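# Understanding the architecture of this molecule
Below are the chains, spelled out letter by letter.
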Amino acid sequence: MRYLVTGGAGYVGGVTAAHLLEAGHEVTVLDDLSTGFPEGVPAGAHFIEGRVQDAARYLDGSYDGVLHFAAFSQVGESVADPEKYWVNNVGGTLALLAAMRDAGVRRLVFSSTAATYGEPASTPLTETDPTAPTSPYGASKLAVDHMLAGEAAAHGLAAASLRYFNVAGAYGKYGERHDPESHLIPLVLQVALGGRESISVYGDDYPTPDGTCVRDYIHVADLAEAHLLAMEAVAPGEHLICNLGNGEGFSVREVVETVREVTGHPVPAVTAGRRAGDPAVLVASAATARDRLGWKPSRPDLAGIVADAWEFARARAAGA
């Protein structure tokens, strides 16, 4: 099979492209490198430096499907500059869908997000729970979910939206390189590496066992495997939505303590005030992914996730 991976120079896109290659598929990565990195493109993939808005230049009927990761994903930036997110995340996907129709490419797996749910009233979250995003980033992803539902109904697209919870870990030489970094595990690892003096814990008075926020962490390799399964599982004319998570939550303090144990470094933590919009608990029900994709996480252990991320972070710091 031949696949186009948009945003394949990024974290999740690059790991998924590597999994596709390992499964024997032919892969073309399309990425403008605005947030991705050349070293994130796996060896063996054909790389095109270009915008998703220009996908019609590169897409033809020889492709069997598209895996779509090309999006801006910083929540805070989306609040300050919402038009950037509408133009790229929504406008870019609209152009991609038009290119797919013209080329006769009828299968798509989309990188969606738990941010579509906003601040949930209860967890674990299922795909039928209300969607109420609290940022333009989450709203842009939800808009694409709706777009895909219409495309499937009107034009027979086989589409899947995979709503990630907290993606972490690394897969060999592929790991998180966000700039600026906003994810908890790599930020705590920066403290262990000496790049930060301490990690800020935003709020210690939540209604959770230790007072800090609880999140569902999923290994990036498990996430990649779900994309391959979704590409085969979805039917023409269907838009399938699946949550991807462990179904188990870990608190901020548990993450910090796990980093201390894995790295052997003290990792000072400083308590700060709550951040607006942070729900106390955000945990997924992945029952739909299990039932429809035959998927379940094979790397659910937090220490293992942190250990993989630590190995990548040390190698990157050493210039490897």
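See the structure shown above.
What counts and how
Residues numbered from 1 in each chain as written. Predicted model: local features only at pLDDT ≥ 70, side-chain atom pairs only at ≥ 80, totals over all residues. Heavy atoms only, no water. Pairing = 2+ DSSP bridges. Helix = DSSP H or I, 4+ residues; strand = E, 2+ residues; numbered from the N terminus. Axes fitted to C-alpha atoms, helices over the stretch in contact; angles between N-to-C directions. Contact = heavy atoms within 4.5 Å. 1 Å grid on protein atoms, 1.4 Å probe; cavity = no way out; pocket = protein on both sides within 12 Å on 5 of 7 lines; lining within 4 Å. Points joined across faces, edges and corners; volume = space filled by probe spheres on them. Nonpolar A, V, L, I, M, F, W, Y, C, P; charged D, E, K, R; others polar. Expected span 1.5 Å × (residues − 1). Buried < 20%, exposed > 50% of the residue type's maximum accessible area, 1.4 Å probe, protein only. Salt bridge = Lys/Arg side-chain N within 4 Å of Asp/Glu carboxyl O. Phe/Tyr/Trp six-rings, centres within 6.5 Å; stacked < 30°, edge-to-face > 60°.

### Description of the sheet that holds strand β3 (residues 46-49)
The strand order across the open sheet formed by seven strands is β3-β2-β1-β4-β5-β6-β10, and the pairing between neighbours is parallel. Lying at the two open borders of the sheet, with one neighbouring strand each, are β3 and β10 (239-244). Each strand of the sheet is rotated relative to its neighbour by a mean of 20°, with strand direction disregarded. Where strand β4 (residues 65-68) and strand β5 (residues 107-113) come together, three bridges link them in parallel fashion. Counted as the bridge partner of Val66 is Leu108 from β5. Where helix α4 (residues 136-155) meets the sheet, its contacts fall on β5, β6 (158-164) and β10, and the angle it forms with β5 comes to roughly 155°.

### Points about the layout of surface pockets
Taken as a whole, the second largest pocket holds about 230 Å³ of empty space. Looking at the lining of the second largest pocket, the element that brings in the most residues is helix α9 (residues 302-317), giving five residues. Along the lines of polarity and charge, the residues of the lining of the second largest pocket split into eight nonpolar, four polar and four charged.

### Some words on helix α1 (residues 11-22)
End to end, α1 covers 17 Å across twelve residues, agreeing with the expected 16 Å (1.5 Å per residue, within 8%). Taken across its twelve residues, α1 has ten buried, putting it largely inside the fold. For α1, the complete set of buried residues consists of Tyr11, Val12, Gly13, Gly14, Val15, Thr16, Ala17, Ala18, His19 and Leu20. Lining the buried residues of α1 we find β1 (2-6), β2 (26-31), β4, β6, β7 (166-168) and α6 (220-233). Gly24 sits one or two residues past α1 and shows a positive phi near 95°.

### Here we look at the pattern of salt bridges
In the structure shown here, the tally under the stated rule is 15 salt bridges. A salt bridge links Asp291 to Arg290; the shortest N-O distance between them is 3.2 Å. By relative accessible area, which is 48% here, Arg290 ends up partly exposed.

### Quick notes on the packing of aromatic side chains
Under the definition given, this model contains two aromatic pairs. Their ring planes at 85° and their centres at 6.5 Å tell us that Tyr85 and Tyr137 sit as a pair that is edge-to-face. Here Tyr85 is found in helix α3 (residues 82-103), whereas its partner Tyr137 is found in helix α4, with 52 residues between them in sequence. By relative accessible area, which is 0% here, Tyr85 ends up buried.

Interpretation in functional terms is not warranted from these geometric data alone.
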